[in-house]
Number of protein chains: 2
Amino acid sequence: MQFFFEPRGIAVVGASSKPGKGGYDLIYNLRQGFEGNIYPVNPTYEEIQGLTCYPSLAEVPDPVDLAIIMVPNNWVEDVVKQCVDRGIPGAMIQAGGFAEAGEEGRQTQEALAKLAAESGIRLWGPNCMGLVDTKAKHVFSFVANSIWERGLPSSDVSLIVQSGMLSGVFLIDIMSHGELGVSKVCSLGNKVDVDECDVLEYLLADPETKAVGMYLESIKQGRRFVELCRGANKPLVLLKGGQSARGAAAAQSHTASLAGDGALTGSLLKQAGVLPAHDFKQMLDICHSLAIYPGPQAHHPGRVGIVTYTGAAGIVSADFMENSDLEIAEITPDTKKALREVYPPWMPPANPCDIYPAVMMHGGPKTYNVTVDALCADPGVDAVLLHTFSGGFDLKPDLEHLAQSAQKANKPLFAWMQGTRAAIDEFRAEAQALGFPVFRELYRSVECLNAVFARRPALEVRADEPQPAEGVAGLLAGQAGALDEHVSKQVLALCGLPVVEEQIVSSADEAVAAAQRLGWPMVIKGLDPGLVHKTEAGLVRLDIASPEQAAQVFDELKAVMGPQGQVLVQRQAAAGLELIVGAVKDPQFGACVMCGLGGVLAEALGKAQFAMAPLSRTEALDLISRAPGQKLLDGFRGAPPVDREALAQILVALGDLAYTQPAIQEIDVNPLLVNEDGLVAVDASIILG
Amino acid sequence: MQFFFEPRGIAVVGASSKPGKGGYDLIYNLRQGFEGNIYPVNPTYEEIQGLTCYPSLAEVPDPVDLAIIMVPNNWVEDVVKQCVDRGIPGAMIQAGGFAEAGEEGRQTQEALAKLAAESGIRLWGPNCMGLVDTKAKHVFSFVANSIWERGLPSSDVSLIVQSGMLSGVFLIDIMSHGELGVSKVCSLGNKVDVDECDVLEYLLADPETKAVGMYLESIKQGRRFVELCRGANKPLVLLKGGQSARGAAAAQSHTASLAGDGALTGSLLKQAGVLPAHDFKQMLDICHSLAIYPGPQAHHPGRVGIVTYTGAAGIVSADFMENSDLEIAEITPDTKKALREVYPPWMPPANPCDIYPAVMMHGGPKTYNVTVDALCADPGVDAVLLHTFSGGFDLKPDLEHLAQSAQKANKPLFAWMQGTRAAIDEFRAEAQALGFPVFRELYRSVECLNAVFARRPALEVRADEPQPAEGVAGLLAGQAGALDEHVSKQVLALCGLPVVEEQIVSSADEAVAAAQRLGWPMVIKGLDPGLVHKTEAGLVRLDIASPEQAAQVFDELKAVMGPQGQVLVQRQAAAGLELIVGAVKDPQFGACVMCGLGGVLAEALGKAQFAMAPLSRTEALDLISRAPGQKLLDGFRGAPPVDREALAQILVALGDLAYTQPAIQEIDVNPLLVNEDGLVAVDASIILG
């Protein structure tokens, strides 16, 4: 990928000498900062912006590592072929009019994909705005030249975006406001070849990138993406477009993206430790905070000391921290003693620390210094949130002292700032130079501080390659479609899952004998091939309590089923919490394990969570901890708690089964019952693809 | 209250000639805009800022309608007495050091409250920043003089705030940034006398206030507040500080506020149609939007047409609208036809309307005009959300045309703007002049548009005064503490509630006879006076299916209970969805009705909701619609749906019971069972205060 980021020479095919044209702006942007050779290509001109213009790619002198293609969509394929002939390793296609623009464009894009696969040339785009690298001053993009107005403000945050907006107008906006810079911004477009994985891999190794923000509408190589993310040593933040049904439909027409299963994707990204964002500027704010404080932090939840000049903002900050990765720190007697040095006698020190009365007595700098120093020295405080005002009331703090104090204590420092416009600009510049994040809205400051503590260490991943459980292949051989409940559970039992005791019976007498062996009351089920919804078909009979009843039910079931129908006798498990566990094969992510609540609770409490298989024990425990209804899992109103280790083993086994058996499309264990006896699979279904 | 807002003369007790002192800044602020008489009072000076200074209140000439008291806290009581003597109708006490500052201050504040109650003088504060009225140019506050920098930008939004910050630094901040103005800002402080109700009542009648935003840490007169809010003909938005336990603790030390029960308060504010906010600037943004589009709008959810130049922002906007009061409009064939006039042929018109390709062909103004005109003409579109960029790419729209188009169609128009800093300022000013709201962050624009459609018409309230149900007073007479289940249900039955059939029995034979009359299986319960948790005490026996069992259980229960113990035989209701309904007497709000889910679901699905009694049928139905688990109420997986009308009758009856019986402290019907037979109260408890 390096030839995209650091090419020695760039050919611009479709360069233009007409201001306002993309082929003009691109040349302009290249000339502002790119120090390698720039070769405009266009048979119409001999010279563009003082550079020699070449009639064709073949005539361009060496070295050319990158071609940027600005010609109309119907010429692109031909130009790419010329790139291949010329031996250029990479091409960026910025023009649109491909898969996002109807059937013809889709075919052209497919031809490009084929060309890339066959020739080995890497293609970036089409329908994209290329690459901006503020540190190298590379703008490989036709973005409006106003982007240079403030000289490409830089930071340690790089972005991967599936939207020209984020590498165009958004970038111009944030840069011109002087709030935040970026390191590299990579606009992917339709991802005919180069995708988020390629770029992410590059950025994870890039010394000029400390945090990566992503706006994606689709994830092309799901499994590789999750693997890259979970192994990343840098904070990753993702704004996923198209999470709603209407959003997904809009995404498909935007970059021809299939958004995939939003719930599954969101769940796997949690497994991989990717932090979510929901809006553009918010994503960048979170990234910026994480680039400064990449962590992960030692303590979770983060215990925050709040320094405020207004009770109201202290209270609202405290409210924000409920149910978050943050909590209000309990300050120690030493801290209280230090605060008493500046507090008026009537005011008992507490956190949030309302310093306004102290400011009136001692002024802003001294009061802020004493308070922040005390919080930084407090072992029960993990981070400091400053509320500041510039523009009167003697509230201006000595930012340099505060920043040094926090740095020395190695504690994240965040500031919410209010003030007059000129004062705010000055304050922001000073804070940025001192290296801590500042925000205009209180909630955003807490949200970003939260992200710092929400980031957790990477989960241990599976070291061994899962092996198929013995006997499973034999049971699956020759089968197709949905396996019946009994066979499904036999497969699960071979994988070590606890399944309910049961027996197929072929006569009423055998049913009674089985029931006597398994114990009353019992359950009798009719297994009719092809009929998945047994309950709805009246084929599940509970509470069978006597031999007479057993015999009668046997006959009834036999009578309503087809000739292939079998009767299954089960021990009736004691009531308990119903879980649903299982596995799916997703086209993007492959084998994934599911864990959630069953029955009415599933509807009530929210969706099951997923993790990509194979799972380590740690990942399985994490999956359980992400499932809805944690209070219920912990044992509710005297119910037995779930044995999380045993459940984790089941989830690992389900993942291994789905991962090692290509034929398996779906596994549902519903319910997996939690009762006094532990965990037991009461019903199950395996579907082969 | 008018003497606070429009006094003819103001005496400033504690005026100062020392710049930097509150008594100086206040005089400065008054002189900038107040056109009535200003009378500094301070025996030390003869003149302050060119005004005659009086040695005492007694010597101040008429007219004096308001005294602003800036003296230290221990002198305040004496000054208020002088105000009473002087016949001044209102005093604002801006100094702190009262209930928020320990026991001594609390006692002084109590003395002030007594003084107000006895003399009739209205006291505003203490510990507050008074009043700012931008239209009258009244700054009755010691706020820093920088507030005048941009001449007090005005709007139709008034604020009631229990925090000096919001009427001080926050105000300076927003005004200096030129984003938003305000009409009146009223800082309440400790509310020794004047409270949010007094001020809200004034603002609801104020022609210069079109929407009211509130930051409150406590609600002093809960019942009056809810009544005012639900009768309001203006949009109300509330940021409630202290909703979390830690936030509530901080609120108590800030303005000596008891935050009250956060869940109850939040629920009653929903009943009253108050819209929630969570952050300061966000509250003002929402208010500003509602002042422009006060509604309520005719359609819910609001169907939004999105005009975007970037697929990504269209997609993310669509994502934001899931589970909101908004949805993406389905545009009509006519609208599509109009869009085809400017869209390239390959691009099928759809909403969100991505106009970038059309802008490249026709330029920004024409494309925006055609698109917005089409959406405004579309009967399926209720509002238009514009995405705009100023600073290149030919994207600048003709704002005047767009504003006129939306105004003519009477559809809310919102804009999200990106751009270079100078262009943004210009854009904002132009949009403000044209009267539509613009936002820097996409989520905020959707959030504020959502608030416009979240506002619903006021619920019909109860016209009649509830009367006690016949016989109830007799049953309650002489009782105290917790009534037993049977008596509780007798009371409820008198109020028209469906209760389970049951009978008190005094022998095993009577138990069997009762069971035979009520039908098997049955439930037998032991009622032991003072024992509320029957289940935990083993006094509830289910599934009694035979006379032998019934007789045995009777004897067992009798044996474990005290001599006062009674045995209750009930028909066992068929299983179903368990609701909890009831009523509480809250110290702030009086009788309130509760509705929620019972059993495990209560824990899982969230808290019960409340409404202030007495309830109208409409309010009761609204309460049901706010309860958690709506899918379950609608009948889940074949379960019968809740009869909402019947449930509403029950809620109305419970409210009337609690409202008309002063002795009742709490009523719990748990469970109120929903099954094939309808609704039935299976267990209940009434607690007398």
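That block above? That's the structure.
Read on for an overview of the structure.

Cut-offs and rules
Residues numbered from 1 in each chain as written. Chains lettered and ligands numbered in written order. Predicted model: local features only at pLDDT ≥ 70, side-chain atom pairs only at ≥ 80, totals over all residues. Heavy atoms only, no water. Helix = DSSP H or I, 4+ residues; strand = E, 2+ residues; numbered from the N terminus. Buried < 20%, exposed > 50% of the residue type's maximum accessible area, 1.4 Å probe, protein only. Contact = heavy atoms within 4.5 Å. Areas by Shrake-Rupley, 256 points an atom, 1.4 Å probe, with all protein chains shown as cover. Least-squares fit on C-alpha atoms with pLDDT ≥ 70 in both. Expected span 1.5 Å × (residues − 1). Axes fitted to C-alpha atoms, helices over the stretch in contact; angles between N-to-C directions. Parallel < 35°, antiparallel > 145°, perpendicular 65-115°, else oblique. Left-handed = near helix turned anticlockwise from the far one by under 90°. Nonpolar A, V, L, I, M, F, W, Y, C, P; charged D, E, K, R; others polar. Pairing = 2+ DSSP bridges. Buried area = accessible area lost by both parts, 1.4 Å probe. Salt bridge = Lys/Arg side-chain N within 4 Å of Asp/Glu carboxyl O. Polar contact = N/O pair within 3.5 Å; in protein donor to acceptor, adjacent residues only side chain to side chain. Phe/Tyr/Trp six-rings, centres within 6.5 Å; stacked < 30°, edge-to-face > 60°. Core = buried A, V, L, I, M, F, W, Y, C linked by side-chain atoms within 4.5 Å.

So, the overall build of chain A
Broken down by element type, chain A carries 26 helices and 30 strands. C-alpha extents for chain A along the principal axes are approximately 95 × 80 × 40 Å. Counting the 689 residues in chain A, one finds 59% classified as buried. For chain A, the share of sequence-separated contacts (at least 6 apart) that also reach a separation of at least 24 residues comes to 71%. In the form shown here, chain A has an accessible surface area of approximately 25,500 Å², with 51% of it arising from carbon and sulfur atoms.

Quick notes on the relation of the copies chain B and chain A
Take chain B, turn it by 180°, move it 0.0 Å along the axis, and it overlays chain A with an RMSD of 0.0 Å. Expressed as a symmetry operation, the mapping of one chain copy onto the other fits a two-fold axis. Taken together, the interface assignments show that 100% of the residues at the interface of chain B recur at the interface of chain A, consistent with an identical surface on both copies.

Remarks on helix H11 (residues 280-292) of chain A
Residue and element names in this part refer to chain A. Relative to the 18 Å expected for 13 residues at 1.5 Å per residue, H11 spans 19 Å between its end C-alpha atoms, a close match to the ideal helical length. Among the 13 residues that make up H11, 12 are buried, leaving the element largely enclosed by the rest of the structure. Within H11, burial applies to Phe280, Lys281, Gln282, Met283, Leu284, Asp285, Ile286, Cys287, His288, Ser289, Leu290 and Ala291.

Details of the packing of helix H21 (residues 508-518) of chain A against helix H22 (residues 547-560) of chain A
Residue and element names in this part refer to chain A. Packing of H21 against H22 leaves a shortest axis separation of 8 Å and a crossing angle of 135°. On the basis of the axis angle, H21 is oblique to H22. Here H21 runs over H22; the crossing is right-handed. Counted together, Ala508, Ala511, Val512 and Gln516 of H21 and Pro547, Ala550, Ala551, Phe554 and Asp555 of H22 form the full contact between these two elements. In terms of residue class, the contact of H21 with H22 is made up of 7 nonpolar, 1 polar and 1 charged.

What about the sheet that holds strand E21 (residues 502-505) of chain A?
All names here are of chain A. Taken together, the 4 strands give an open sheet; going across it, the order is E21-E24-E22-E23, and neighbouring strands pair in antiparallel fashion. Edge positions in the sheet fall to E21 and strand E23 (540-544), since each of these pairs with one other strand and no more. In this sheet, neighbouring strand axes are inclined to one another by 20° on average, regardless of whether the strands run parallel or antiparallel. Pairing geometry for strand E22 (residues 522-527) and strand E24 (residues 566-571), over 6 bridges, is antiparallel.

A few points about the interface of chain B and chain A
Taken together, the contact pairs 77 residues of chain B with 77 residues of chain A. Both sides together, the interface formed by chain B and chain A hides about 6,200 Å², and carbon and sulfur atoms give 60% of it. Looking only at chain B, the three residues that lose the most surface to chain A are Arg246, Ile315 and Arg421 of chain B, adding up to 12% of its buried area. Seen at the junction of chain B and chain A, the total is 8 salt bridges. Between Glu441 of chain A and Arg444 of chain B there is a salt bridge; the shortest N-O distance is 2.8 Å. Taken together, the connections running from chain B to chain A amount to 25 residue pairs in polar contact (both at pLDDT 80 or more). Of the residues belonging to the side of chain B that touches chain A, the class tally is 37 nonpolar, 20 polar and 20 charged.

Looking at the pairing of strand E11 (residues 184-187) of chain B
Residues in a regular strand point their side chains to alternate faces of the sheet. Residue and element names in this part refer to chain B. Across the two faces of E11 the burial is the same, with Lys184 and Cys186 and Val185 and Ser187 all buried. In this structure, strand E8 (residues 131-133) lies alongside E11, joined through 3 bridges in antiparallel fashion. Residue pairing in the sheet places Leu131 in a bridge with Cys186 of E11. Judged from the 3 bridges that link them, strand E10 (residues 157-161) and E11 form a sheet pairing that is parallel. Considered in E11, the bridge of Val161 is made with Ser187.

Comments concerning the packing of aromatic side chains
Under the criterion given, the structure shown has 22 aromatic pairs over all chains. Consider the rings of Phe4 of chain A and Trp124 of chain A, whose centres lie 5.1 Å apart with planes at 55°: the pair is tilted. On the criterion of sequence distance, the pair formed by Phe4 of chain A in helix H1 (residues 2-5) and Trp124 of chain A in strand E7 (residues 122-124) is long-range, its members being 120 residues apart. One exposure class covers both Phe4 of chain A and Trp124 of chain A, and it is buried. Arranged with centres 5.7 Å apart and planes meeting at 65°, the rings of Tyr215 of chain B and Phe280 of chain B form a pair that is edge-to-face. Residue Tyr215 of chain B is located in strand E12 (residues 211-216), and its partner Phe280 of chain B is located in helix H11 (residues 280-292); the two are separated by 65 residues in the primary sequence.

Examining the nonpolar core
In this structure, Met165 and Phe280 of chain A together with Trp124, Met165 and Phe280 of chain B are the most contacted members of the largest nonpolar core, which totals 245 residues. Residues in contact with Met165 of chain B, not counting those within four places in the same chain, are Tyr309, Thr310, Ala312, Ala313, Trp416 and Gln418 of chain A together with Phe170, Leu171 and Phe280 of chain B. The next biggest cluster of nonpolar side chains, apart from the first, holds 94 residues, and it includes Leu476, Ala613 and Ala684 of chain A together with Val581 of chain B.

Digging into the sheet that holds strand E1 (residues 9-13) of chain A
All names here are of chain A. Pairing in this open sheet of 5 strands is parallel, and the strands run E2-E1-E5-E6-E7 from one edge to the other. Edge strands, defined here as strands with exactly one partner in the open sheet, are strand E2 (37-41) and E7. Each neighbouring strand pair of the sheet contributes to a mean axis angle of 20°, computed without reference to strand direction. As defined by bridge partners, E1 adjoins strand E5 (residues 66-69) across 4 bridges and the pair is classed as parallel.

Overview of the packing of helix H16 (residues 399-409) of chain A against helix H17 (residues 421-434) of chain A
Residues and elements named next belong to chain A. Viewed as axis vectors pointing N to C, H16 and H17 meet at an angle of 30°, and their least axial separation amounts to 10 Å. Regarding the angle of H16 to H17, the classification is roughly parallel. The two elements H16 and H17 meet at a crossing, and its hand is right-handed. Judged by residue contacts, Leu399, Glu400, Ala403 and Gln407 of H16 engage Phe427, Glu430, Ala431 and Leu434 from H17. Residues that form the contact of H16 with H17 fall into these classes: 5 nonpolar, 1 polar and 2 charged.

Some thoughts on unusual backbone geometry
Negative phi values dominate among residues other than glycine, just as trans dominates among peptide bonds. Residue and element names in this part refer to chain A. Cis peptide bonds are those with omega within 30 degrees of zero, and the linkage from Asn351 to Pro352 qualifies with 0°. Looking at the secondary structure, you find Pro352 in the loop between helix H13 (333-340) and strand E17 (353-354). For the bond running from Ala613 to Pro614, omega is 0°, close enough to zero to count as cis. By the element assignment, Pro614 lies in the loop between strand E27 (609-612) and helix H24 (617-626). Its identity is not glycine, yet Asn410 carries a phi of approximately 60°, on the positive side. Within the fold, Asn410 resides in the loop between H16 and strand E19 (413-419). Classification of Asn410 by relative accessible area gives exposed; the value is 66%.

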